[in-house]
Amino acid sequence: MPLTLQQANRIIETALARCAESGFKPMAVVVVDDSGHIKSAQRQDGASMLRIDIAAGKAFAAVGMGVASRVLTQRAKDLPAFFNAIAATAQGRFIPQTGAVLVKDADGTLLGAVGASGGTGDEDELVCAAGVEAAGLTVG
């Protein structure tokens, strides 16, 4: 079953609530489906410009490569020319930076990814994971 709009909205609602509860800077959170298309996106009041674009790029990169963005961050350091080529091919929509996790169902099927931008990479990743878990899905 594909990722639903209801699930995507629940992920974002919980992620932004966790952001506020934790006292993090205002963020944007974007959920993409398994093809990298935006399913839902929200930007908190006070979040700086480009946050939606950055969050979407992190999620797009994670789902495109099938791994959490934390892994991509290290791979990009090890293979900068390859990752620069991917970013160019994806017309800048591919951002391999910490702050996105995969979304999977109970069977481990990839449903999409969620990315956040506004805090540190660790903060972004934490709120994404909280959202995925609150939606009854699995963090990948």
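This structure is a prediction, so every number in the text was calculated from the model and none was measured.

Chemist: Looking at this model, I keep getting lost on the overall build of the protein chain. Mind explaining?
Modeler: From N to C terminus, the protein chain includes five helices and five strands. Each helix and strand of the protein chain, placed in order from N terminus to C terminus, yields the pattern α-β-β-α-α-α-β-β-α-β. Here the protein chain has a C-alpha radius of gyration of 13 Å; the compact-globule value for 140 residues is 14 Å, and the two agree. When its C-alpha atoms are laid out on the principal axes, the protein chain stretches across 40 × 35 × 20 Å. Classification of the 140 residues of the protein chain by burial places 46% in the buried group. Contacts spanning at least 24 positions in sequence make up 65% of the contacts within the protein chain whose residues lie at least 6 apart. A total of about 6900 Å² of accessible surface is found on the protein chain, and carbon and sulfur atoms cover 52% of it.

Chemist: What exactly am I supposed to notice about unusual backbone geometry here?
Modeler: Leaving glycine out, the prevailing phi sign among residues is negative, and the prevailing peptide bond configuration is trans. Phi at Leu-50 takes a positive value of approximately 75°, unusual for a residue other than glycine. Under the relative-accessibility criterion, Leu-50 is labelled partly exposed at 48%. Even without a glycine there, the phi angle at Gln-91 is positive, about 55°. Positionally, Gln-91 belongs in the loop between helix 4 (80-89) and strand 3 (100-104). Residue Gln-91 is classed as exposed on the basis of its relative accessible area of 73%.

Chemist: Looking at this structure, I do not really get the side chain of Ser-40. What am I missing?
Modeler: Note that Ser-40 resides in strand 2 (residues 38-43). Residue Ser-40 is classed as buried on the basis of its relative accessible area of 8%. Within the structure, Ser-40 has its side chain in polar contact with the side chain of Asn-9 (distance 2.5 Å). Residue contacts for Ser-40: discarding those within four places in its chain leaves Leu-5, Ala-8, Asn-9, Ile-12, Val-29, Val-30 and Val-31.

Chemist: Help me understand the sheet that holds strand 1 (residues 28-33) in this model?
Modeler: Working definition: the strands of a sheet are paired by backbone hydrogen bonds and lie parallel or antiparallel to each other. Within the open sheet, the five strands sit side by side as 2-1-4-3-5. Their pairing is antiparallel. Two strands close off the open sheet at either side, each with one partner strand: strand 2 and strand 5 (138-139). With six bridges connecting them, strand 1 and strand 4 (residues 110-117) associate as antiparallel partners. Residue Val-29 lies in a different strand from strand 4, and its bridge partner there is Ala-116. Across the face of the sheet, helix 1 (residues 5-22) comes into contact with strand 1, strand 2, strand 3 and strand 4 while running at roughly 25° to strand 2. Against the sheet, helix 2 (residues 51-65) makes contact with strand 1, strand 2, strand 3 and strand 4, and its axis sits at roughly 145° relative to strand 4, the strand it touches most.

Chemist: What should I look at first to understand the packing of aromatic side chains in this one?
Modeler: Both the distance between ring centres and the angle between the ring planes are used here to describe each pair of aromatic rings. Scanning the entire structure with this criterion turns up two aromatic pairs. On the basis of an interplanar angle of 90° and a centroid distance of 5.3 Å, the ring pair of Phe-82 and Phe-83 is categorised as edge-to-face. Judged by relative accessible area, which is 4%, Phe-83 ranks as buried. Grouping aromatic residues by their ring pairs yields a cluster made of Phe-82, Phe-83 and Phe-94.

Chemist: When you look at the side chain of Ser-117 in this model, what are you seeing that I'm missing?
Modeler: Examined against the element boundaries, Ser-117 turns out to sit in strand 4. For Ser-117, a relative accessible area of 2% translates into the label buried. At 2.8 Å, the side chain of Ser-117 and the side chain of Arg-51 are in polar contact. Each residue touching Ser-117, except ones within four places of it in the same chain, is listed here: Pro-26, Met-27, Ala-28, Arg-51, Ile-54, Ala-55, Lys-58 and Asp-124.

The rules behind these values
Residues numbered from 1 in each chain as written. Predicted model: local features only at pLDDT ≥ 70, side-chain atom pairs only at ≥ 80, totals over all residues. Heavy atoms only, no water. Helix = DSSP H or I, 4+ residues; strand = E, 2+ residues; numbered from the N terminus. Rg over C-alpha atoms; globule rule 2.2 N^0.38 Å. Buried < 20%, exposed > 50% of the residue type's maximum accessible area, 1.4 Å probe, protein only. Contact = heavy atoms within 4.5 Å. Areas by Shrake-Rupley, 256 points an atom, 1.4 Å probe, with all protein chains shown as cover. Polar contact = N/O pair within 3.5 Å; in protein donor to acceptor, adjacent residues only side chain to side chain. Pairing = 2+ DSSP bridges. Axes fitted to C-alpha atoms, helices over the stretch in contact; angles between N-to-C directions. Phe/Tyr/Trp six-rings, centres within 6.5 Å; stacked < 30°, edge-to-face > 60°.

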